[in-house]
Amino acid sequence: MNESPPASPDPRLQAGATRLALRYDGVFAPETVQHLLADSYRLLAEGATVRTHLIVLAEHLADQRLDALAHTEGRTASAVPRVLFVCSGNAGRSQLAAAILTHLAHGRVHVASAGTDPADDLDLHIAEVLEEVGVSLPREVFPKPLTEEVVAAADVVVTMGCGDACPLPAGRRYLDWHIPDPDGAPIERVRAIRDQITSRVEALLAELIAQPK
């Protein structure tokens, strides 16, 4: 049965709004937090076929957007470069790249990922091939829609197979990696894609950390 996005103050969204308002106290007004949370729910609900965890996922997405907005507006101090990986579904390539860079960077790079047409779930074998090389996916990982806040906050945007659907605002460095889509591929092929992405991520990380602060 379909749900319509809960209007605030819905108790389920309100609990997340309260947590986020405390986290961003002194950075954003509670009204801004509540607006982005409701909008994040709307974005996720638009294409969702499984709605069980939408409230929780909306809070995670709103947190990402608030963090990005705070960075763009100079409300937080952070000297680390920010990298955004984008593919169509945010279910395979961009998730692999984000997890690998997060693992290798050890906090020296802020990493995000998103999709121009988010899938319902991660592609088959993604978590497995990462675990094989000692990389763990965070519990809150899920295919996320691409938002203006996250794009605006990125120093580097890496696109993989999303074509003209990927945004190209001025002032960002863009890299287009030609990486096969792992969706539906056997695990041997997904391993090869993982290794190809790892090589590119290692080169990007070396370049980023070599840049003067």
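Check the entry above for the structure.
Summarised in this report is the structure supplied together with it. Position labels on residues start from 1 in each chain and follow its written sequence. Confidence filtering applies because this is a predicted model: local features only for residues at pLDDT of at least 70, side-chain atom pairs given and counted only at 80 or more, and all residues used for totals across whole chains, interfaces and linings. Excluding hydrogens and water, the side-chain figures rest on all heavy atoms present in the structure.

Here we take up the sheet that holds strand 4 (residues 173-176). A strand pair is defined by DSSP finding two or more bridges across the two strands. Only runs of H or I of at least four residues qualify as helices and only runs of E of at least two qualify as strands under DSSP, and these elements are numbered from the N terminus. The parallel open sheet is built from 4 strands, whose spatial order is 2-1-3-4. Of all strands in the sheet, those bounded by a partner on one side alone are strand 2 (110-115) and strand 4. This sheet shows a mean twist of 20 degrees between the axes of neighbouring strands, independent of strand direction. Summarising the sheet, strand 1 (residues 82-87) and strand 3 (residues 156-160) pair through 5 bridges and their orientation is parallel. From the neighbouring strand, Cys87 faces strand 3, where its bridge partner is Met160. Against the sheet, helix 7 (residues 187-210) engages strand 1, strand 3 and strand 4, with an angle of about 155 degrees to strand 1. Orientation is described by lines fitted to C-alpha atoms, with helices fitted over the stretch in contact, and by angles between N-to-C directions that extend from 0 to 180 degrees. Should any heavy atoms of two residues lie within 4.5 Å, those residues are counted as being in contact.

Grid points spaced at 1 Å over the protein atoms alone were grouped into cavities, where a 1.4 Å probe fits but cannot get out, and pockets, open sets with protein on both sides within 12 Å along at least five of seven lines, with lining residues defined by an atom within 4 Å of a point. Grid points are joined across faces, edges and corners, and a volume is the space filled by probe spheres set on the points. Summed over the entire model, instances satisfying the criterion amount to 1 cavity of 30 Å³ or more. By volume, the largest cavity amounts to about 80 Å³. Those elements that place two or more of their residues in the lining of the largest cavity are helix 3 (54-72), strand 1, strand 2 and helix 6 (148-153). Take the lining of the largest cavity: its biggest share by element is 3 residues, from strand 1. Per-class residue counts for the lining of the largest cavity are 7 nonpolar, 2 polar and 1 charged. Residue polarity follows a fixed list, in which Ala, Val, Leu, Ile, Met, Phe, Trp, Tyr, Cys and Pro are nonpolar, Asp, Glu, Lys and Arg are charged, and the others, Gly among them, are polar.

One can find Arg93 in helix 4 (residues 93-105). In protein, a polar contact means a hydrogen-donor-capable atom and an acceptor-capable atom, both N or O and within 3.5 Å, with residues adjacent in sequence counting only if both atoms are side-chain atoms; elsewhere, any N or O pair within 3.5 Å suffices. Polar contacts involving the side chain of Arg93 include one to the main-chain carbonyl oxygen of Ile179, which spans 2.8 Å. Those residues within four positions of Arg93 in sequence are excluded, and the remaining contacts are Cys87, Ser88, Met160, Gly161, Ile179, Pro180, Asp181, Pro182 and Ile197.

Right, let's get into helix 4. The terminal C-alpha atoms of helix 4, which comprises 13 residues, lie 18 Å apart, in line with the 18 Å expected from a rise of 1.5 Å per residue. Here the term buried applies to any residue with accessible area under 20% of the maximum for its type, exposed to any over 50%, and partly exposed to those in between, with areas from a 1.4 Å probe on protein chains only. Taken across its 13 residues, helix 4 has 10 buried, putting it largely inside the fold. Among all positions of helix 4, only Arg93, Ser94, Gln95, Leu96, Ala97, Ala98, Ala99, Ile100, Leu101 and Ala105 are buried. The inward-facing, buried residues of helix 4 contact strand 1, strand 2, helix 5 (126-131), strand 3 and helix 7. Two residues or fewer after helix 4 comes His106, characterised by a positive phi angle close to 50 degrees. Given the number of residues in a helix, its expected span is that number minus one, multiplied by 1.5 Å.

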